[in-house]
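An overview of the molecular structure
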Amino acid sequence: MAAEAVMACAPLAGGTVARARHVAIIMDGNGRWATERGWPRLVGHRRGAQRVKEIVRAAPDLGVDWLTLYAFSTENWKRSTEEVLGLMAIFARYIRREAAAMSAEGVRLRFIGERARLDDKLQSLMSGIEARTASNTRLNLTVAINYGGRDELARAAARLAARIASGEIARPTEADLAACLDTAGHPDPDLVIRTSGETRISNFLPFQAAYSEYEFTPVLWPDFSPAHLAEILERTSQRQRRFGAA
Ligand code: IPE
Ligand code: IPE
Ligand code: MG
C-alpha cells in the first residue's frame, strides 16, 4: 500500500508538472544511420518509422499530450525519385498498419503541410485516418508531410487576404494569422528537439516555435529511443521560460 502510494507520487516529484506538454521533433539522421552501415538510405527511413511507433506509444506516459513530427519537408523533393517514392510508400504503410492501434490507444492523428502535391491515394489515406481518429484525446499526434514553414505562411497569408477582402477582418492580429496556419487550434510547441547533431530548424514551425525551447542531440533518429526522450524531457524541465518578462 505504502509502496504503491510512493510509486504514484514519484513522477510528480521527478518534475512531470513542469515538463513540456507539446514536443515537436525534427527526425533527422536516417540517411547517415544507413550509410554508416553500408545500407541504402531507405533502410534508415524504415528503421526511423519503427522509432516513430515507439515514441508515439511512450509519449503520453512521459507527460506529452501533443507530439508534432517533421517527416518530409517542402525541400525534400530535391532528393532522388527512388528516395522520395520510398518515403511516400513508408507514410502510406505507416497509416495503414497503425490505424487500428492508434484508434485503440486514443491517438488523434492530423497532418500539416501542403497536400495537393501528394499522391491522391496517400491524400485519401491521410484524410481517412484523420476522420477515424478525430474523437481520440489521449495524444494529439501531428505529422508534417510536404511541410515548410515559409510555404505554410504564404498559404496562410492568402487565406488572411481573402478574409480581409471579404470584410471579415479589418486589421489582422497575430491570432488571426495563427488561425490561418495549418496548425490552427494547436498549442505552440514547448520544446523542439532535433536529432542527428545538426543545429538548424530547416523551415520547421518558424511561427509556432518562436518561443519554444530547443534541444539538439547527436543521436541519429533511428537510434532515438523513448529513454532518450525521457532524459531530454527531464533535463529541459529545469529551464526557466520567461517569454520576455523580467
Ligand atoms: C531525416 O533523415 C528524414 C527526412 C528528411 C525525410 P535524413 O534522410 O535527412 O537523414 P540524413 O540527414 O541524410 O542523415
Ligand atoms: C529536415 O531534415 C526535414 C525532416 C526531418 C523531415 P533535412 O535533412 O531535410 O534538413 P537539412 O537539409 O539538413 O537542412
Ligand atoms: Mg537530414
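Residues numbered from 1 in each chain as written. Chains lettered and ligands numbered in written order. Predicted model: local features only at pLDDT ≥ 70, side-chain atom pairs only at ≥ 80, totals over all residues. Heavy atoms only, no water.

1. Considering the UniProt feature "active site" (unreviewed entry) in the protein chain
Sequence positions flagged by UniProt for "active site" (unreviewed entry) are, in local numbering, D28 and N76. Maximum C-alpha separation among the annotated residues is 12.0 Å over a sequence range of 49 residues, consistent with a single clustered spot. In the annotated set above, the residues contributing to the lining of the largest pocket are D28 and N76. Take D28: its relative accessible area is 17%, and that puts it in the buried class. When sequence neighbours within four positions are dropped, the list of residues in contact with D28 reads R194, T195, S196, E198, L220 and W221. There is a polar contact of 2.8 Å between the side chain of D28 and the side chain of R194. Mapped onto the fold, N76 is located in the loop between β2 (66-73) and α4 (81-104). (UniProt positions renumbered as here; feature names shortened; annotations may be inferred. 1 Å grid on protein atoms, 1.4 Å probe; cavity = no way out; pocket = protein on both sides within 12 Å on 5 of 7 lines; lining within 4 Å. Buried < 20%, exposed > 50% of the residue type's maximum accessible area, 1.4 Å probe, protein only. Contact = heavy atoms within 4.5 Å. Polar contact = N/O pair within 3.5 Å; in protein donor to acceptor, adjacent residues only side chain to side chain. Helix = DSSP H or I, 4+ residues; strand = E, 2+ residues; numbered from the N terminus.)

2. Observations concerning the pairing of strand β6 (residues 213-216)
With burial as the criterion, only one face of β6 is covered, namely that bearing E213 and E215; the residues Y214 and F216 on the opposite face remain uncovered. Here four bridges tie strand β5 (residues 191-194) to β6, and the two strands are oriented parallel to one another. Across the sheet, the residue bridging to R194 is F216, located in β6. (Pairing = 2+ DSSP bridges.)

3. Topic: the site of ligand 2
Neighbouring ligand 2 are I26, M27, D28, Y70, A71, F72, N76, R79, R194, R200 and S202. One of the side-chain nitrogen or oxygen atoms of D28 is found 3.2 Å away from an oxygen atom of ligand 2. The separation between an oxygen atom of ligand 2 and a polar side-chain atom of N76 is 2.9 Å. Protein chains bury 78% of the 390 Å² of accessible surface belonging to ligand 2 in isolation. When atom positions are compared with the pocket grids, ligand 2 is found to occupy the largest pocket. Ranked by the residues each element gives to the shell around ligand 2, the list is headed by β2, at three residues. Taken together, the residues of the shell around ligand 2 sort by class into five nonpolar, two polar and four charged. (Near = heavy atom within 4 Å. Areas by Shrake-Rupley, 256 points an atom, 1.4 Å probe, with all protein chains shown as cover. Sits in = over half its atoms within 2 Å of the grid points. Nonpolar A, V, L, I, M, F, W, Y, C, P; charged D, E, K, R; others polar.)

4. Points about the packing of aromatic side chains
Tallied over the full model, the rule gives nine aromatic pairs. Ring centres of Y70 and Y147 lie 6.0 Å apart, and the angle between their planes is 80 degrees; on these two criteria the pair is classed as edge-to-face. Here the residue Y70 occupies a position in strand β2, and Y147 occupies one in strand β4 (residues 139-147), the gap between them amounting to 77 residues. A centroid spacing of 6.4 Å and a plane angle of 80 degrees characterise the contact between F72 and F91, whose relative ring orientation is edge-to-face. Of this pair, F72 sits in strand β2 while F91 sits in helix α4, and the two are 19 residues apart along the sequence. A residue is classified by how much of its surface remains accessible, and F72, at 0% relative accessible area, is buried. An aromatic cluster is defined as three or more aromatic residues linked by ring pairs; in this entry it consists of Y70, Y147 and F204. (Phe/Tyr/Trp six-rings, centres within 6.5 Å; stacked < 30°, edge-to-face > 60°.)

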